[in-house]
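# Descriptive structure summary
Spelled out, the chains give:
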Amino acid sequence: MNRVFGKKKKAGPPAPSLDDASSAVGKRADHMDTKIAALDKELNTYKQKLKTTKNPSAKRTIQKRAIEVLKRKRMYEQQRDTLMGQQFNMDQAAFGIESAKATIDSVAAMKAANVELKKAIKKDLNVDDIDDLADDMAEMMEEMNEINEAMGR
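Residues numbered from 1 in each chain as written. Predicted model: local features only at pLDDT ≥ 70, side-chain atom pairs only at ≥ 80, totals over all residues. Heavy atoms only, no water.

### A look at helix 2 (residues 18–52)
What counts is decided by this rule: Secondary structure is summarised from DSSP: a helix means a run of H or I of at least four residues, a strand means a run of E of at least two, and numbering begins at the N terminus for each. Expected span, for any helix, means 1.5 Å times one less than how many residues it has. Classification of residues uses two cut-offs on accessible area relative to the type maximum, computed with a 1.4 Å probe and protein chains only: under 20% is buried, over 50% is exposed, and between them is partly exposed. Two residues qualify as a contact provided that any one of their heavy atoms is within 4.5 Å of a heavy atom in the partner residue.
For helix 2, which comprises 35 residues, the first-to-last C-alpha distance of 51 Å matches the rise-based estimate of 51 Å (1.5 Å per residue) to within 8%. Burial in helix 2 covers these residues: Ser22, Val25, Gly26, Ala29, Met32, Ile36, Leu39, Leu43 and Tyr46. Of the surrounding elements, those touching the buried residues of helix 2 are helix 3 (56–124).

Right under this line is the structure:
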């Protein structure tokens, strides 16, 4: 049978949680930010050198180096933006899971409250008794009004 269906795959390590994956991606994005900041410093030094350099050939080499640094910076910025997008998607998924769990808890609480309410209504409340009580109250109010009218004459 192993030849037809293959062998059972070995269980690998458990998948990381969304929070773990999101924090790992966040750390990588922070690492990209430090690289971008270092390249910014390097670009500023090249900018200063370009201002002070008089020799045209030296200026061209400095410009080439600055352009290479700019290309690397753009590449790191694109990678950082991609990582930030991934982190956003993971955070959205985690929020969705939390919302679903909260909804499940709310529904369970509502079901329990519904059962309690049904028990209380069946045990303590009878519609016929309430109708009789309301009729008695209405009759008493009419009698009170008649008494008040008689006293007011």
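Now that the structure has been shown, we can carry on.
### Structural notes on a nonpolar patch on the surface
The line we're drawing: Like-charged residues are merged into a patch within 9 Å and nonpolar side chains (Val, Leu, Ile, Met, Phe, Trp, Tyr) within 5 Å, provided each residue has over 30% relative accessible area and no salt bridge. All accessible areas in this document rest on Shrake-Rupley with a 1.4 Å probe, and a residue is counted as covered only by the protein chains that are shown. The rule for a salt bridge is simple: a side-chain nitrogen of Lys or Arg has to be within 4 Å of a carboxyl oxygen of Asp or Glu.
A surface patch of nonpolar side chains, about 360 Å² in accessible area, is lined by Leu117, Ile121, Leu125 and Ile130. Among the secondary structure elements, leucine 125 is positioned in the loop between helix 3 and helix 4 (127–152).

### Some words on the side chain of glutamine 87
Note that glutamine 87 resides in helix 3. Sequence-distant contacts of glutamine 87, that is, excluding residues within four places in its chain, are made with Ser22, Val25 and Gly26.

### Here we look at the environment of threonine 53
Using the following cut-off: Side-chain atoms alone can form a polar contact between residues adjacent in sequence; in general such a contact is a pair of N or O atoms within 3.5 Å, and within protein one must be able to donate a hydrogen while the other accepts it.
Within the secondary structure layout, threonine 53 lies in the loop between helix 2 and helix 3. Along the chain, threonine 53 and leucine 117 lie 64 residues apart, while their C-alpha atoms are 86 Å from each other. The residues touching threonine 53, leaving out its near neighbours within four places in the chain, are Ala58, Lys59 and Ile62. Polar contacts involving the side chain of threonine 53 include one to the main-chain carbonyl oxygen of lysine 49, which spans 2.5 Å.

### So, the packing of helix 2 against helix 3
Which entries qualify depends on this criterion: Fitting a line to C-alpha atoms yields each axis, with helices limited to the stretch in contact; the angle taken between N-to-C directions then spans 0 to 180 degrees. Here is the rule for angles: anything less than 35 degrees is roughly parallel, anything more than 145 is roughly antiparallel, 65 through 115 is roughly perpendicular, and the remaining ranges are oblique. Take the far helix as the reference: if the near one is turned anticlockwise from it by less than a right angle, the crossing is left-handed, and if turned clockwise, right-handed. All amino acids are sorted into three groups, where Ala, Val, Leu, Ile, Met, Phe, Trp, Tyr, Cys and Pro are nonpolar, Asp, Glu, Lys and Arg are charged, and the leftover types, Gly among them, are polar.
Between helix 2 and helix 3, whose axes approach to 8 Å, the crossing angle comes to 160°. Considering the angle they form, helix 2 stands roughly antiparallel to helix 3. Every pair of crossing elements has a handedness; the one defined by helix 2 and helix 3 is left-handed. Split by residue class, the contact of helix 2 with helix 3 holds 21 nonpolar, 6 polar and 14 charged.

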